[in-house]
Amino acid sequence: MSETESTLHEVMLALKQTEPLEVAECGFCRLEGRSVARSIKTLAAEFVNDPQTRVNLRESRGFCPEHSRLIIEHLDPVAVSILYADLAEVTWELWAGKQPVSASRRLFSSARKPSCPPCITARETSERSCAALASQLSQPEIWSAVEANRWICVSHSEQIRKLARPADAERLRILETNHLKSLRAELEEIVRKNDYRFKGESWGPEKDAWIRAVKKLQRPNS
């Protein structure tokens, strides 16, 4: 099995939602999360003392807020202490004026800094997964799986459309537009039923639409 075929197989499995709607999520987001979790565990097990890993972490100035929380969850105190002693040192050097002016300007400049390592992992996983699906979107069994799934988030839907053939991209655009139209109607129904004039009406499937909307319309990682 080629790498693309293996990736597509993972995507197809991730698209099959078995959880209740309130806890289900975009299959591509799920694959990203798994890859990030694996990379953090691997970091703890193998790369805490790796010189290049330390250089990359210094360049990125640490982890983003989201992945910092995962560092606390998945790494042991010793591993965290090793990594963050290094980060504390480079930050102290900058603030105390121990670094050359050129280095200080580079690391404190307003220019965009490299993404944190788990963010890079998430982005690479997303690119690989979306490309694998986009390349096969015209296949009937692949399209059927996508058509039956309402959980592809807007960010990944847009990414797939950019990579797909024009006809496939247009078909996906129409499908997702219809999903968004239905979601908007459910959200409007939540607002309506919270009006004092209609509070006596019972809730329907729109009750958890606000949770689904947050997951559907989330932006990509930096």
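Structure: see above.
Residues numbered from 1 in each chain as written. Predicted model: local features only at pLDDT ≥ 70, side-chain atom pairs only at ≥ 80, totals over all residues. Heavy atoms only, no water.

Q: Please set out the pattern of salt bridges residue by residue, giving values where relevant.
A: Summed over all chains, the structure comprises 14 salt bridges. The salt bridge involving aspartate 168 is made with arginine 165; its shortest N-O contact spans 3.8 Å. On the basis of relative accessible area, arginine 165 is assigned to the partly exposed category, the value being 46%. A salt bridge links arginine 212 to aspartate 208, with the shortest nitrogen-to-oxygen separation between them at 2.9 Å. Of the two residues, arginine 212 and aspartate 208, neither departs from the other in class, the shared state being buried. Residues joined in a network through salt bridges with shared partners are Glu189, Arg192, Lys193, Glu201 and Glu206. (Salt bridge = Lys/Arg side-chain N within 4 Å of Asp/Glu carboxyl O. Buried < 20%, exposed > 50% of the residue type's maximum accessible area, 1.4 Å probe, protein only.)

Q: Kindly report on helix 9 (residues 154-163), identifying the contributing residues and their values.
A: If you check which residues of helix 9 are buried, you get Val154, Ser155, His156, Ser157 and Ile160. The inward-facing, buried residues of helix 9 contact helix 2 (27-47), helix 7 (117-135), helix 10 (166-193) and helix 11 (209-216). (Helix = DSSP H or I, 4+ residues; strand = E, 2+ residues; numbered from the N terminus. Contact = heavy atoms within 4.5 Å.)

Q: Tell me about the nonpolar core, and name the residues and values.
A: Judged by nonpolar contacts, the single largest core of 24 residues is most densely connected at Phe28, Leu133, Leu137, Val146, Ile160 and Leu172. Sort the elements by how many residues they give to this core and helix 1 (residues 3-15) lands first, with five residues. With residues up to four places along the chain from it excluded, the contact list for leucine 133 reads Leu8, Val11, Phe28, Ile142, Val146 and Ile160. Among the nonpolar cores identified, the runner-up in size contains 15 residues, and Leu83, Leu87, Cys116 and Ala122 belong to it. (Core = buried A, V, L, I, M, F, W, Y, C linked by side-chain atoms within 4.5 Å.)

Q: Describe the side chain of threonine 53, with residues and values.
A: Position of threonine 53 among the secondary structure elements: in helix 3 (residues 51-60). Taking the relative accessible area as the measure of exposure, threonine 53 reaches 18% and is therefore buried. In this view, threonine 53 contacts Leu43 and Phe47; residues no more than four positions away in its chain are not counted.

Q: Describe in detail the packing of aromatic side chains, supporting the description with residues and values.
A: As enumerated under the stated definition, the model contains one aromatic pair in all. It is arginine 171 that lies over the ring of tryptophan 143; its NZ or CZ is 4.0 Å from the centre. For arginine 192, the ring lying beneath its charged end belongs to phenylalanine 198, and the centroid distance is 4.8 Å. (Phe/Tyr/Trp six-rings, centres within 6.5 Å; stacked < 30°, edge-to-face > 60°. Lys NZ or Arg CZ within 6 Å of the ring centre and 35° of its normal.)

Q: Could you give an account of the layout of surface pockets, with specific residues and numbers?
A: Estimates place the volume of the second largest pocket at around 300 Å³. Lining the second largest pocket we find 17 residues, and of these Leu43, Thr53, Asn56, Pro117 and Pro118 sit closest to its centre. For the lining of the second largest pocket, the per-class residue count stands at nine nonpolar, seven polar and one charged. (1 Å grid on protein atoms, 1.4 Å probe; cavity = no way out; pocket = protein on both sides within 12 Å on 5 of 7 lines; lining within 4 Å. Points joined across faces, edges and corners; volume = space filled by probe spheres on them. Nonpolar A, V, L, I, M, F, W, Y, C, P; charged D, E, K, R; others polar.)

Q: Any details on the packing of helix 2 against helix 4 (residues 65-74)? Residues and values, ideally.
A: Where helix 2 contacts helix 4, the axes come no closer than 10 Å and their chain directions differ by 55°. In terms of orientation, helix 2 and helix 4 fall into the oblique class. Two packed elements cross with a definite hand, and for helix 2 against helix 4 that hand is right-handed. Residues Val36, Ile40, Lys41 and Leu43 of helix 2 form the contact with helix 4, whose own contacting residues are His67, Leu70, Ile71 and His74. Of the residues assigned to the contact of helix 2 with helix 4, the class counts are five nonpolar, two polar and one charged. (Axes fitted to C-alpha atoms, helices over the stretch in contact; angles between N-to-C directions. Parallel < 35°, antiparallel > 145°, perpendicular 65-115°, else oblique. Left-handed = near helix turned anticlockwise from the far one by under 90°.)

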